[in-house]
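If you want the building blocks of each chain, they are given just below.
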Amino acid sequence: MLKFQNTLTGRLEEFRPITEGEVRMYYCGPTVWNLAHVGNLRSNIFVDVLRRYLKYKGYRVTHVMNLTDVDDRIIKQALERGQSIDDYTAPYIEAFWQDVDLVGCERPEIAPRATHHIAEMAAIIEKLLATRHAYASDGSVYYRIASFPEYGKLSKINFAGNIAGASERVDTDKYEKEDARDFALWKAPDQEGEPVWDASFGRGRPGWHIECSAMSMKCLGETFDIHCGGVDLVFPHHENEIAQSEGATGKQFVNYWLHGEHLKIDGETMSKSKGNYYTLRDLIERGFTPAAIRYALLSVPYRKQLNFTLDGLRGIEKTVAGLQDFNARLSEARTEPGSNPAMRSAAARALEEFEAGLDDDLNTSVALASVHNLTREVNTALACEGLRSDDQRDLLELVRLFDSVFNVFSPPQRGMLDTEIQALIDDRQEARRRRDFARADQIRDQLTERGIVLEDTRDGVRWKRKA
Ligand code: AMP
Ligand code: ZN
């Protein structure tokens, strides 16, 4: 029986979807103002394991992940560079997809962008104004927390002593508010050149929280099954999403809230603002493989902190190479017909433990331990010819099942980084200068095989990825 630790109720609960056989889930995706770091990728991989395991259990999954492509940081950077928001964010969106592809994540079914859903956000704000859950002040619109007595039910923060003007901590907006806890739904323009949209309640731009209420309900309905994100989002982001959505619809917004713990580095949360981060590219350039990075990020259950170290990752490279080697040896083994009962029961036990682990709030470390136990037993059997052809077939199928969730057994045909492509192009140019055309053609073929098309122009070599 699949169970999740639900932040909303604080309990481990059996998962029951709203519609039999279907799961509708939402994940708060990246703010595309910069490259993602591996902490962000840990959250993506946690959600990837979740969606893959739900599919493994036979559910049809609709997974939505938003792209936050307007916020104060994006506006500031775009203004400084004299670019439009779209031009500024495009390379980061592209890089984000490359990163999640490289670490073997399936793409969500729908990836809506905030700037494409301003009308939906405005419609919710109008409803909240009409029902007095919101008020206008100085051209901005705020959510009136006092109108939603359940505020705090997700984060369990007690706001009782938090009266108007009393809290510095949550009071980050500049304008006049009735209560320090109130948060902006819509911000009046305050800088020359910043993006603005027109709405019935005035010209401005949306606050951050409203985008997730608007896009999740548009794509998944007013009540849906699972909402996830990192722990940093419980308060205020998800608390505010609940207040906005339930204030507007009068219905329960989400049934299960799942929050992933942070990736830490030297005991501190990895983050852009602290500067203590690695991007995926940083790690690949140091020689690490995406499969090992994926394994490292999923091997600790999502609700536990994971301390990231390069030494730890070096050890994991060996573990993953061992799994891939096991997979290759198992497929290539020459076996006699029949089956070995010991192998059959080892396989059945491993499958049971794998499912028991993942059923228990996605306990990946228990599930991986069962995989490792099995590989040890099978390796021993392979060494003393104890494996028969039926076992081999069943075990290969079992590895395929394990890998439908973990996706670490086969060395992935990974995409190439821009820097790797450029290095090969430079080598090819160098070969041509040496008139070593055989080598130049070989490099071109190698790139073609990896989906990179070269075009020789008068201004040099251009390349693009085959669509
Ligand atoms: P952001 O791009 O900051 O909006 O974050 C995108 C996602 O990454 C959110 O779900 C965050 O909760 C998550 N996140 C940010 N930092 C970390 C970290 N150090 N470890 C795990 N997840 C993180
Ligand atoms: Zn969100």
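Scope of this entry: the structure provided in the associated data block.

**Side note on helix α1 (residues 38-56)**
Part 1 of the reasoning: When the terminal C-alpha atoms of α1 are compared, their 26 Å separation across 19 residues agrees well with the 27 Å that a helix rising 1.5 Å per residue should span.
Part 2 of the reasoning: Most of α1 sits out of view: 17 of its 19 residues are buried.
Part 3 of the reasoning: Looking one or two places after α1, you find Gly-58, whose phi comes out positive at around 95°.

**Thoughts on the pattern of salt bridges**
Part 1 of the reasoning: Taken as a whole, this structure holds 40 salt bridges when the rule is applied.
Part 2 of the reasoning: Of the charged contacts in the structure, one is a salt bridge between Glu-13 and Arg-11, with a shortest N-O distance of 3.6 Å.
Part 3 of the reasoning: Residue Glu-13 is classed as buried on the basis of its relative accessible area, which comes to 15%.
Part 4 of the reasoning: Here Asp-71 and Arg-73 are joined by a salt bridge, their closest N and O atoms 3.0 Å apart.
Part 5 of the reasoning: You can call Asp-71 buried: its relative accessible area is 15%.
Part 6 of the reasoning: Each of Asp-48, Arg-51, Arg-52, Lys-55, Glu-106, Glu-109 and Arg-294 takes part in salt bridges that share partners, so that together they form one network.

**Digging into the sheet that holds strand β9 (residues 202-206)**
Part 1 of the reasoning: Ordered by their spatial adjacency, 5 strands build an open sheet running β5-β6-β7-β9-β8, and the pairing between neighbours is antiparallel. Only two strands of the sheet have a single neighbouring strand rather than two, namely β5 (134-137) and β8 (197-199). In this sheet, neighbouring strand axes are inclined to one another by 45° on average, regardless of whether the strands run parallel or antiparallel.
Part 2 of the reasoning: Inspection of the sheet shows β8 paired to β9 by 3 bridges, in the antiparallel sense. Bridging across to β9, Trp-197 finds its partner in Gly-204.

**Focus on the site of ligand 1**
Part 1 of the reasoning: For ligand 1, the set of nearby residues contains 18 residues, the closest of which are Gly-39, Ser-43, Asp-232, Leu-263 and Met-270.
Part 2 of the reasoning: Residue Cys-28 places a main-chain N or O atom 3.3 Å away from an oxygen atom belonging to ligand 1.
Part 3 of the reasoning: In the environment of ligand 1, a nitrogen atom lies 2.8 Å from a nitrogen or oxygen atom belonging to the side chain of Ser-43.
Part 4 of the reasoning: About the coverage of ligand 1: the protein hides 89% of its 490 Å² of free accessible area.
Part 5 of the reasoning: Elements with a minimum of two residues in the shell around ligand 1: α1 and β10 (224-230).
Part 6 of the reasoning: By residue class, the composition of the shell around ligand 1 is 6 nonpolar, 10 polar and 2 charged.

**Quick notes on the packing of helix α9 (residues 310-332) against helix α11 (residues 364-383)**
Part 1 of the reasoning: Taken N-terminus to C-terminus, the directions of α9 and α11 make an angle of 45°; their axes are 11 Å apart at the nearest point. If you check the angle between α9 and α11, you find them oblique. When the axes of α9 and α11 are compared, the crossing they make is left-handed. Here α9 contributes Thr-319, Leu-323, Phe-326, Arg-329 and Leu-330 to the contact with α11, which in turn contributes Val-371, His-372, Thr-375, Val-378, Asn-379 and Leu-382.
Part 2 of the reasoning: Taken together, the residues that form the contact of α9 with α11 break down as 6 nonpolar, 4 polar and 1 charged.

**Re the nonpolar core**
Part 1 of the reasoning: Formed by 129 residues in total, the largest nonpolar core has its most connected members in Val-38, Leu-54, Ile-226 and Phe-308.
Part 2 of the reasoning: If you tally residues by element for this core, the top one is α1, at 10 residues.
Part 3 of the reasoning: A domain split of this core shows at least three residues from each of domain 1 (3-260) and domain 2 (277-406).
Part 4 of the reasoning: Listed in part, the 7 residues of the second largest apolar core include Ile-421, Ile-425, Ile-452 and Leu-454.

What counts, and where the lines are drawn
Residues numbered from 1 in each chain as written. Chains lettered and ligands numbered in written order. Predicted model: local features only at pLDDT ≥ 70, side-chain atom pairs only at ≥ 80, totals over all residues. Heavy atoms only, no water. Helix = DSSP H or I, 4+ residues; strand = E, 2+ residues; numbered from the N terminus. Expected span 1.5 Å × (residues − 1). Buried < 20%, exposed > 50% of the residue type's maximum accessible area, 1.4 Å probe, protein only. Salt bridge = Lys/Arg side-chain N within 4 Å of Asp/Glu carboxyl O. Pairing = 2+ DSSP bridges. Axes fitted to C-alpha atoms, helices over the stretch in contact; angles between N-to-C directions. Near = heavy atom within 4 Å. Polar contact = N/O pair within 3.5 Å; in protein donor to acceptor, adjacent residues only side chain to side chain. Areas by Shrake-Rupley, 256 points an atom, 1.4 Å probe, with all protein chains shown as cover. Nonpolar A, V, L, I, M, F, W, Y, C, P; charged D, E, K, R; others polar. Parallel < 35°, antiparallel > 145°, perpendicular 65-115°, else oblique. Left-handed = near helix turned anticlockwise from the far one by under 90°. Contact = heavy atoms within 4.5 Å. Core = buried A, V, L, I, M, F, W, Y, C linked by side-chain atoms within 4.5 Å. Domains from an automatic or database assignment.

In short, geometric facts, not functional conclusions.
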